[in-house]
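Reading the structure
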Amino acid sequence: MSIEVINISKYYKEQKALNNVSFKVKDAEIVGFLGPNGAGKSTMMKILTTYINANEGSAMVNGHDVSIDKKNVQQSVGYLPEHNPLYTDLYVKEYLDFNANVYGTPKSRINEVIELTGLTPEAHKKIGQLSKGYRQRVGLANALLHNPDVLILDEPTTGLDPNQLVEIRNLIKSIGKEKTVFLSTHIMQEVEAMCDRVIIINKGEVVADKYLKELRDGQEQIVIVEFDYRVEEAFLLKLPKVKSVKNPNGFIYEITFSTEEDMRSHVFDFAHDNDLKILQLNQKNASLESLFRELTN
Ligand code: ADP
Ligand code: MG
């Protein structure tokens, strides 16, 4: 077990930020810690990385207790904090070299993490000259320096543009093949794109803990289809196993089906039979979306 949290509670003065939180993360899993702002995600991550202490309960990272074995915990985890603190006046290599000295990491590892995080073309620049996406890579490189088994990433994709987002997601997924990744986000799509499992937290309490596969195999799905002109919603309700139809904008329709079968081919055939042209056709997991809305509203 990479992370084991048992009945953790944390108060800031009278305010309870975490209330009796328990969960486990297995080796080499990518787990999304999903919740709205203020849910307690960063607080949990600070406890797991020994930056703050819990008031009640216990937590183990890589078999080490966060309250008594801080040094071993820190050796086991790479942490990307929410507001990734970087020295903008330092060159990328200089910054990593500085931190390698702090950790006592061999210098050869610096080039390894630069390569691993795709920083090579920017490695000669000052951190202040880098885009937000590349700064996140520097933060990830830094978290990976001492080759930890567990990565704890606090909102690693917040503030990135769509291209950077895809790049960082792919990077995290590839890192997750070998290491345990526990990442927080308030964006549901992030979980769908990167994680094996989701733990949903709301107002300091864990409200769901599920494998995405279980959710995908669930009973609902949404097919998003764009036609080249207007279609009556009532007409689309003739589709088999359809539950509801929404028209969020333009000629785009969100069709919810109550079945686990992939309904895209049915929509395609339906369009063909009725002389409708399809401009785009996508499927998304209705279960995670409705679960998240239901549990955090
Ligand atoms: P999240 O990361 O999910 O947005 P946080 O863990 O940052 O949530 O915060 C959880 C709750 O604890 C929020 O209500 C927040 O205002 C409060 N909180 C966080 N840090 C502090 C602090 N240092 N002092 C007082 N309250 C805090
Ligand atoms: Mg936070």
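Residues numbered from 1 in each chain as written. Chains lettered and ligands numbered in written order. Predicted model: local features only at pLDDT ≥ 70, side-chain atom pairs only at ≥ 80, totals over all residues. Heavy atoms only, no water.

Labelled according to an unreviewed UniProt entry, the protein appears under the name Gliding motility-associated ABC transporter ATP-binding subunit GldA, originating from Winogradskyella vincentii. Under the heading Sequence similarities (unreviewed entry), UniProt records this for the protein: "Belongs to the ABC transporter superfamily." (UniProt positions renumbered as here; feature names shortened; annotations may be inferred.)

What follows deals with the sheet that holds strand β1 (residues 3-12). Strand pairing in a sheet takes place through backbone hydrogen bonds and is either antiparallel or parallel in direction. Pairing is antiparallel in the open sheet, where four strands are placed in the order β2-β1-β4-β5. Edge positions in the sheet fall to β2 (15-25) and β5 (64-65), since each of these pairs with one other strand and no more. Pairing geometry for β1 and β2, over seven bridges, is antiparallel. Note on β2: the bridge partner recorded for V5 is F23. (Pairing = 2+ DSSP bridges. Helix = DSSP H or I, 4+ residues; strand = E, 2+ residues; numbered from the N terminus.)

This part covers the site of ligand 1. Neighbouring ligand 1 are Y12, Q15, A17, P36, N37, G38, A39, G40, K41, S42 and T43. In the environment of ligand 1, an oxygen atom lies 2.9 Å from a nitrogen or oxygen atom belonging to the backbone of G40. In the complex, the protein chains occlude 63% of the 560 Å² of accessible area that ligand 1 would expose alone. Elements supplying a minimum of two residues to the shell around ligand 1: β2 and α1 (41-48). (Near = heavy atom within 4 Å. Polar contact = N/O pair within 3.5 Å; in protein donor to acceptor, adjacent residues only side chain to side chain. Areas by Shrake-Rupley, 256 points an atom, 1.4 Å probe, with all protein chains shown as cover.)

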